[in-house]
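Overview (structure and organization)
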Amino acid sequence: MPPSAPSHLTAARLPRWCLPADWPMRGTQPALADLRLADGRVVSITPCLDEKGAPGADWHLHGAPVLPGLVEAHTHIDKAFTLTRLGVVKPGLLAAIETMVADRAAWTATDVRERASRSLQWAFDSGVTQLRTHCDWWEPHTVPLAWSVLREVAEDWADRLVVERVSLIPLDLFNDRSAARERARTVAASGRGACLGAFVHSTNWSANALRNLFECADAEGLDVDLHCDEELNPAAEGLATTAALLRKMAFSGRVVCGHTCALAAKPEAESLAILDAVAQAPITLISLPTTNLLLQDAHTGRTPRQRGVTLVKEARARGIPVLISTDNVQDAFCAVGSFDPVEALAVGVLAAQLDSPFDVWSESVCRADWLSRDPKRPPLQPGSVADLVVFTQAEPHSWPTRAHQRVVVRVGRVVAGAGA
């Protein structure tokens, strides 16, 4: 049982990506680490000189894997936990959208607040320190009820979680420039943590609308977060056009492109050329393996042939920031999920055949600094806030197997797991 406010953790197994280049190795594995904490911050991270652990430590981890606080980079807490009232949901993305549009007509502030609050509690318990949620915004002339409720919920949770909100607006609503500018102003005026977003798909494709979106976001100082090419149509143009527009206009913020499933359906030379262009732009890619495995190539009574997972290995090899996140939880888009990004990564490990999940790919569920223009230090350095997730039953060579049991440390105090 760990102390409620540990000050000296010994024999911790940290991932290779967050250790300095000169960190000693024990065979093929990084040496275990000692972490000292004080006043809610990390004071030092040093190699553990004795594999048995340092004497006098108040928490011996015996080589358990440890990560900094997790990030849920792409979720939908406005929709979460609606599945049980939806009836039969037809397969596929567009059918799921149709089902949710019908359900939204009956949403109330109380309903949205309860489901969103439950979502944040689940995320907090899993070790998430920052969560970004999209909010359906299909209305052409009004602000959706959920947008204001999510702002209130974010304020309620401000001392426990950083909650960001993205306006999920159909791309064609940006076709008119004056209307696009008004939407950007509305989002910018709605408080801290707001991003301008759009659903970019071949069914609503408009290069002019995408240009308007970026120009208006830049004018208002907003970062952009897109549902981009969430389809297996090789003709989808969203990501390629985004990279080209950003290169021409010198966009001042950060752009996140979620899904980009169409990359996997294009000829390889074309996909790799698009990634080469993305690598020259301020773009972070987010893969949502759980939901996209369920939505892409989905037909009643037929086993899917295509995975719908974007080219994460090729993107990372080009230095493109890649995050992996949960997406939908128990709604028309995804019947499962738990607001645990490690669970989403476990699906991605199998779907995308990811090597070295702990030492390499765990970075994709920890790097909140890849989401926005705000300068942030990479997690887990001396001086960082002491937000840690200790996987007490897992082993680093097989992680994220047995990763559900964990102890969550927030600002130096145990807040979940171990009887907290």
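Here, the structure is the one placed above.
Described below are features of the structure shown in this document. Note that the coordinates shown come from a computational prediction; the quantities given were computed from them, not determined experimentally.

Considering the side chain of Thr291
Looking at the element boundaries, Thr291 is found in helix H8 (residues 289–295). When sequence neighbours within four positions are dropped, the list of residues in contact with Thr291 reads Thr326, Asp327, Asn328, Phe333 and Cys334.

Considerations on the sheet that holds strand S12 (residues 224–228)
The strand order across the open sheet built from eight strands is S8-S9-S10-S11-S12-S13-S14-S15, with neighbouring strands paired in parallel fashion. The two strands at the open ends of the sheet, each matched to only one other strand, are strand S8 (70–75) and strand S15 (322–324). Going across the sheet, the axis of each strand differs from the next one's by a mean of 20 degrees, ignoring polarity. For strand S14 (residues 283–287) and S15, the ladder comprises three bridges, and the chain directions are parallel. Across the sheet, the residue bridging to Leu285 is Val322, located in S15. Against the sheet, helix H3 (residues 145–156) engages strand S9 (128–136), strand S10 (162–170) and strand S11 (194–200), with an angle of about 170 degrees to S10.

Regarding the nonpolar core
Ranked by size, the top nonpolar core spans 118 residues in total, and within it Leu14, Leu35, Phe214, Leu226, Ile283 and Trp399 carry the most contacts. Setting aside anything within four residues of it in sequence, one finds Leu226 in contact with Ala198, Val200, Leu210, Leu213, Phe214, Thr242, Val256, Cys257 and Gly258. Of all hydrophobic cores here, the second largest spans nine residues; its members include Val71, Ala73, Ala368 and Trp370.

With respect to empty space enclosed by the protein
Counted under the stated rule, the structure contains one cavity of 30 Å³ or more. Estimates place the volume of the largest cavity at around 110 Å³. Taken together, 15 residues make up the lining of the largest cavity; nearest its centre are His76, Leu93, His227, Glu230 and Phe333. Here the residues of the lining of the largest cavity sort into seven nonpolar, four polar and four charged.

Comments concerning the sheet that holds strand S7 (residues 66–68)
Pairing in this open sheet of four strands is antiparallel, and the strands run S7-S16-S17-S18 from one edge to the other. Of all the strands in the sheet, the pair left with one neighbour each is S7 and strand S18 (413–416). With direction set aside, neighbouring strand axes in the sheet form an average angle of 30 degrees. Its contacts with the sheet put helix H2 (residues 109–126) on strand S16 (388–390), strand S17 (407–410) and S18, and the angle it makes with S17 is roughly 100 degrees.

Conventions adopted
- Residues numbered from 1 in each chain as written.
- Predicted model: local features only at pLDDT ≥ 70, side-chain atom pairs only at ≥ 80, totals over all residues.
- Heavy atoms only, no water.
- Helix = DSSP H or I, 4+ residues; strand = E, 2+ residues; numbered from the N terminus.
- Contact = heavy atoms within 4.5 Å.
- Pairing = 2+ DSSP bridges.
- Axes fitted to C-alpha atoms, helices over the stretch in contact; angles between N-to-C directions.
- Core = buried A, V, L, I, M, F, W, Y, C linked by side-chain atoms within 4.5 Å.
- Buried < 20%, exposed > 50% of the residue type's maximum accessible area, 1.4 Å probe, protein only.
- 1 Å grid on protein atoms, 1.4 Å probe; cavity = no way out; pocket = protein on both sides within 12 Å on 5 of 7 lines; lining within 4 Å.
- Points joined across faces, edges and corners; volume = space filled by probe spheres on them.
- Nonpolar A, V, L, I, M, F, W, Y, C, P; charged D, E, K, R; others polar.

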